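# Close look at the chain arrangement
What follows is each chain in one-letter form.
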Amino acid sequence: MQRLNVPPTNHVKVLDGQGWVGLIDHLGTEASILNAARVSFGKLKDSVDEKDVKLLEYLIENRHTSPLEHVVFTFSVQCPLFVRGQWHRHRTWSYNEISRRYTEIDIGFFTPPSLRAQAEVNRQASIEVEGFDDKKMLEKISEHNNQGLALYNELMAAGVCREQARGVLSQNMMVTFWGTVDLNNLLHFLELRDSEHAQSEIREYAVAIKKLIKPLIPNVANYFASKGQSW
Ligand SMILES: Cc1cc2nc3c(=O)[nH]c(=O)nc-3n(C[C@H](O)[C@H](O)[C@H](O)COP(=O)(O)OP(=O)(O)OC[C@H]3O[C@@H](n4cnc5c(N)ncnc54)[C@H](O)[C@@H]3O)c2cc1C
């Protein structure tokens, strides 16, 4: 049996190699989107020609979103708890996650490769500051992660249940989940999360997802690239 917290073959590493997102499965192609749009005329096609690309662009441009929902992706994600918290706000995804009520093995932590300073104007944002002296602070973060794990192990050894002991593990704990979403809602996720307004850590995952799905939806990707989005 394969272990879930090992990345699948088709994956992209993020967060300095500490996290990843992989494409587990997908349903449908750009031809499925076009066929869904043409269902009303009772005509179906397997290929995508130039005229079809125009129809695809028309659908996206005019927010005829339901044909996009016939393409579905399943991703496997390993990310810090705080990224998972932001990700799971997207209610149109279906999620399943390794439960810390069931297992205490393979607990790992994210240590940021560098630190950003708090932005003063936008209370939600951070800024890159040159020469920000972070080596000591980074070591302390790593130490804190390990101390949390040591306390967790101590509680487990004393017979405390996993569901309570996990409370002492930091927000940097890595979690692994599966997420399934249709293309329409994925595009919405990517618009919000591959954005300068999003936290840079979750943004890395959004950029990686674009890399994974671009070969499957090349004309959709080209459409957004032509509108100035990075794809
Ligand atoms: C930069 C940024 C900052 C954020 N900051 C905060 C914050 O400070 N605090 C905070 O709480 N959240 C914050 N969020 C989360 C945000 O409010 C959304 O919950 C999250 O982005 C998911 O977006 P969504 O609801 O559009 O996506 P989804 O849940 O995937 O929904 C997609 C679309 O489906 C429709 N939909 C889904 N569920 C319903 C429903 N129940 N009723 C009606 N329509 C529905 C809506 O049109 C929605 O846009 C932030 C998000 C971003 C990107």
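Right, let's walk through the structure included here. Because the structure is a prediction, the values reported are computed rather than measured.

Turning to the nonpolar core, a few remarks are in order. With 37 residues, the main nonpolar core has V21, Y205 and I209 as its most contacted residues. If you list the elements that add at least two residues to this core, you get β2 (19-27), α1 (30-38), α2 (50-61), β3 (72-80), α3 (81-87), β7 (174-182), α6 (183-193) and α7 (200-213). With six residues, the top contributor of residues to this core is α7. When near neighbours in sequence (up to four residues on either side) are disregarded, Y205 contacts V14, V21, V77, C79 and V83.

Next up on the list: the site of the ligand. Inspection of the region around the ligand gives R89, H90, R91, T92, N185, H188, L192, H197 and A198 as its neighbouring residues. Residues belonging to the shell around the ligand are distributed by class as follows: two nonpolar, five polar and two charged.

Looking now at the sheet that holds strand β1 (residues 11-14). The sheet built from five strands is open, its strands ordered β1-β2-β3-β7-β4 with antiparallel pairing. Where the open sheet ends on each side, the last strands, each with one partner, are β1 and β4 (94-97). Mean inter-strand twist for the sheet, computed between neighbouring axes without regard to direction, equals 20 degrees. Pairing of β1 with β2 involves four bridges; the strand directions are antiparallel.

For the rest of this paragraph, the subject is the pairing of β2. Taking the residues that link successive antiparallel strands as the turn, the β1-β2 hairpin has four residues, and the phi of L15 there is positive, at about 50 degrees. In the sheet, β2 pairs with β3 via seven bridges, with the strands oriented antiparallel. Within the sheet, the bridge partner assigned to W20 lies in β3 and is Q78.

Turning to the environment of R162, a few remarks are in order. Here R162 shows up in helix α5 (residues 162-165). A residue is classified by how many C-beta atoms lie within 10 Å of it, and R162, with 15 of them, is partly exposed. Between the alpha carbons of R162 and R101 there is a distance of 5.3 Å; along the sequence they are 61 residues apart.

Further remarks concern the packing of α1 against α2. Running from amino to carboxyl end, α1 crosses α2 at an angle of 75 degrees, the nearest separation of the two axes being 10 Å. Comparing the axis directions of α1 and α2 gives the class roughly perpendicular. Along the contact surface, α1 presents E30, I33, L34 and A37, while α2 presents D52, L55, L56 and L59. Across the contact of α1 with α2, the residue classes break down as six nonpolar, no polar and two charged.

Conventions and cut-offs
- Residues numbered from 1 in each chain as written.
- Predicted model: local features only at pLDDT ≥ 70, side-chain atom pairs only at ≥ 80, totals over all residues.
- Core = buried A, V, L, I, M, F, W, Y, C linked by C-beta atoms within 7 Å.
- Buried ≥ 20, exposed ≤ 12 C-beta atoms within 10 Å, placed from the backbone.
- Helix = DSSP H or I, 4+ residues; strand = E, 2+ residues; numbered from the N terminus.
- Contact = placed C-beta atoms within 7 Å.
- Near = placed C-beta within 6 Å.
- Nonpolar A, V, L, I, M, F, W, Y, C, P; charged D, E, K, R; others polar.
- Pairing = 2+ DSSP bridges.
- Axes fitted to C-alpha atoms, helices over the stretch in contact; angles between N-to-C directions.
- Parallel < 35°, antiparallel > 145°, perpendicular 65-115°, else oblique.

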